[in-house]
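A closer look at the structure
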Amino acid sequence: MSDLNIDGFFSLQGKVALVTGGSRGLGLHAATAFLLAGAKTVFISARKAAGEQGIDQAVVRLNALPNISGKAVGIPANVAEVKGIQRLVDDITAREGRLDILVANAGATWGGPFEPTPDWSSQKVLDLNVRGVFNLARLFTPLLSASGTAKDPSRIVVVSSTAATNVHHVGEHGTIMYSASKAAANHLARNLAVELGPRNITTNTVSPGFFPSKLANGLIENLGGQEQLEKENPRGRLGQSSDIAGIMIYLCSRAGNYVNGEHIAVDGGARLGAGRLTRL
Ligand SMILES: NC(=O)c1ccc[n+]([C@@H]2O[C@H](COP(=O)([O-])OP(=O)(O)OC[C@H]3O[C@@H](n4cnc5c(N)ncnc54)[C@H](OP(=O)(O)O)[C@@H]3O)[C@@H](O)[C@H]2O)c1
């Protein structure tokens, strides 16, 4: 018999988490999963507080989840800018004094033909998807490191994309810089895994395939629509909230304790048929 004890293996009881871009889409799925798994406080951040897609409505919905013991708290911040990230650090320090889980999920894309690409679009994508992730990790390291232990490290999860390894879109709706930014995010995360592992922080990357969302819906249409992409997916469907929940809870709970520097695709295997996904 082994010494294995898997009681509470997937529990996030007592944990404090921050999910950037938590007001909708994949970030909202992750925040929901953390609360359902027992987290004490889940901070969500995005730029907009008010409105149909703002943080405030998401906080109300999260706090209305049945059978949760924790709470959601919204903090508006632009995480493409150091001053926005510093405000988040200060606010979370003042409210909780700790952080166990950082999900760098907020992301931007831009699509269009290659030669006329406006330079501001590349800057916007790189500032959020690469510089922003680097600065989030850098500025939150003191809090994460103070909360992590050798037995139970703090966690950074970077939300990347299968576009980091595949070429989904070129031509009229090309997203070349998005793709490059996600490849950079993957390698940034590997570097963080080695830099921060000794400080009791693990870093891993989750690469979603297509999940319907504000960011993805236009891209899905450009590739032929949901039905077409479902046909091309080995699992016969696009991603769902439970798919994000599963990987986030695994990586952030005791079950994922020793996983560090990994890059996990959550796409039903669609990336392996890459040639069929490229539209020239
Ligand atoms: N959905 C997919 O199929 C898919 C596939 C692969 C990868 N991903 C990745 O998954 C992540 C989430 O995408 P999603 O599909 O859930 O997108 P989404 O529905 O458009 O949500 C994006 C979130 O990020 C926030 N955000 C955007 N810019 C921000 C900034 N500068 N500072 C702070 N927050 C910001 C948005 O709120 P505000 O606009 O109010 O700031 C929103 O909460 C992204 O990194 C994306 O690249 C998504």
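Residues numbered from 1 in each chain as written. Predicted model: local features only at pLDDT ≥ 70, side-chain atom pairs only at ≥ 80, totals over all residues. Heavy atoms only, no water.

Structural notes on the overall build of the protein chain
Our working definition: Numbered from the N terminus, helices here are DSSP runs of H or I no shorter than four residues, and strands are runs of E no shorter than two. What the globule rule says is 2.2 Å times the number of residues to the power 0.38, and the radius of gyration is computed from C-alpha atoms. Contacts were defined at the residue level, with two residues in contact if any of their heavy atoms lie within 4.5 Å. Residue-level accessible areas treat just the shown protein chains as cover; the underlying method is Shrake-Rupley with a 1.4 Å probe. Positive: Lys, Arg. Negative: Asp, Glu. His and the chain ends are not part of the count. Here the site of a charge means atom NZ of a Lys, CZ of an Arg, CG of an Asp or CD of a Glu.
Secondary structure assignment for the protein chain yields 9 helices and 7 strands. Radius of gyration (C-alpha) of the protein chain: 18 Å, near the 19 Å computed for a compact globule of 280 residues. Dimensions of the protein chain, computed from C-alpha atoms along their principal axes, come out at roughly 50 × 50 × 40 Å. For the protein chain, long-range pairs separated by at least 24 residues make up 74% of all intrachain contacts whose partners lie at least 6 apart in sequence. With an accessible surface of roughly 13,000 Å², the protein chain has 55% of that area assigned to carbon and sulfur atoms. Charge centroids of the protein chain, computed over 27 positive and 22 negative side chains, lie 3 Å from each other.

Here we look at the site of the ligand
The test is simple: A molecule or strand has a residue near it when one of that residue's heavy atoms lies within 4 Å. Throughout this description, a polar contact denotes any pair of N or O atoms lying within 3.5 Å of each other; where both atoms belong to protein, one of them has to be capable of donating a hydrogen while the other can accept it, and for residues adjacent in sequence the pair is counted only when both atoms sit in side chains. Polarity classes work like this: nonpolar for Ala, Val, Leu, Ile, Met, Phe, Trp, Tyr, Cys and Pro, charged for Asp, Glu, Lys and Arg, and polar for all others, with Gly in that last group.
In the vicinity of the ligand there are 29 residues, among which Ser23, Asn105, Tyr178, Phe211 and Ser213 approach most closely. Val79 places a main-chain nitrogen or oxygen 3.0 Å from a nitrogen atom of the ligand. With respect to the ligand, the backbone of Leu215 contributes an N or O atom lying 3.3 Å from an oxygen atom. The protein chains hide 97% of the 890 Å² of surface that the ligand would expose on its own. Of all the secondary structure elements, the ones that give two or more residues to the shell around the ligand are helix H1 (25-36), helix H5 (176-196) and helix H6 (214-222). When residues of the shell around the ligand are assigned to their parent elements, the largest contribution, 3 residues, is made by H6. The class makeup of the residues in the shell around the ligand is 13 nonpolar, 11 polar and 5 charged.

Digging into a positive patch on the surface
Using the following cut-off: Like charges within 9 Å and nonpolar side chains (Val, Leu, Ile, Met, Phe, Trp, Tyr) within 5 Å are joined into patches, using only residues over 30% in relative accessible area that form no salt bridge. One side-chain nitrogen of Lys or Arg within 4 Å of one carboxyl oxygen of Asp or Glu is enough to make a salt bridge. Type-normalised accessible area, obtained with a 1.4 Å probe on protein chains alone, sets the label of each residue: buried when under 20%, exposed when over 50%, and partly exposed for intermediate values.
A contiguous patch of positive charge, built from Arg47, Lys48, Lys124 and Lys214, is present on the exposed surface. Within the secondary structure, Lys48 is located in the loop between strand E2 (41-46) and helix H2 (55-63). Judged by relative accessible area, which is 41%, Lys48 ranks as partly exposed.

Re helix H4 (residues 119-147)
Filter applied, for reference: A helix is expected to reach a length of 1.5 Å times the quantity of its residues less one. Here the bend at a residue means the angle between the axes of two seven-residue stretches, the one that ends at it and the one that starts at it.
Along its 29 residues, H4 runs 40 Å from first to last C-alpha, staying within 8% of the 42 Å computed at 1.5 Å per residue. Of all the bends in H4, the greatest, near 55 degrees, is centred on Thr141, and the proline Pro142 appears no more than four residues after it.

Let's talk about the side chain of His169
The residue His169 is located in the loop between strand E5 (154-159) and H5 in this model. According to the relative accessible area criterion, His169 is buried, its value standing at 7%. When neighbours within four sequence positions are excluded, His169 is seen to be in contact with Gly174, Thr175, Ile176, Phe210, Leu219 and Leu223.

Structural notes on the sheet that holds strand E3 (residues 71-76)
As a reminder, the rule being used: Being paired, for any two strands, means DSSP has found at least two bridges between them. Fitting a line to C-alpha atoms yields each axis, with helices limited to the stretch in contact; the angle taken between N-to-C directions then spans 0 to 180 degrees.
Reading across the sheet, the 7 strands line up as E3-E2-E1-E4-E5-E6-E7 and stay open at both edges, with parallel pairing between neighbours. Only two strands of the sheet have a single neighbouring strand rather than two, namely E3 and strand E7 (263-266). Direction aside, the axes of adjacent strands within the sheet are offset by 20 degrees on average. Both E2 and E3 contribute to a ladder of 6 bridges, which runs parallel. Each residue of the ladder has a partner; that of Phe43, found in E3, is Val73. H2 contacts E2 and E3 of the sheet and is inclined by roughly 175 degrees relative to E3. Across the face of the sheet, helix H8 (residues 241-252) comes into contact with strand E4 (101-104), E5, strand E6 (201-208) and E7 while running at roughly 150 degrees to E5.

A short note on helix H3 (residues 82-95)
In a regular helix each residue adds 1.5 Å, so 14 residues correspond to 20 Å; H3 covers 20 Å between its end C-alpha atoms and thus fits that length. Where H3 is buried, its residues touch strand E1 (16-20), E2, E3 and H4. One or two positions beyond H3, positive phi appears at Gly97, with a value near 70 degrees.

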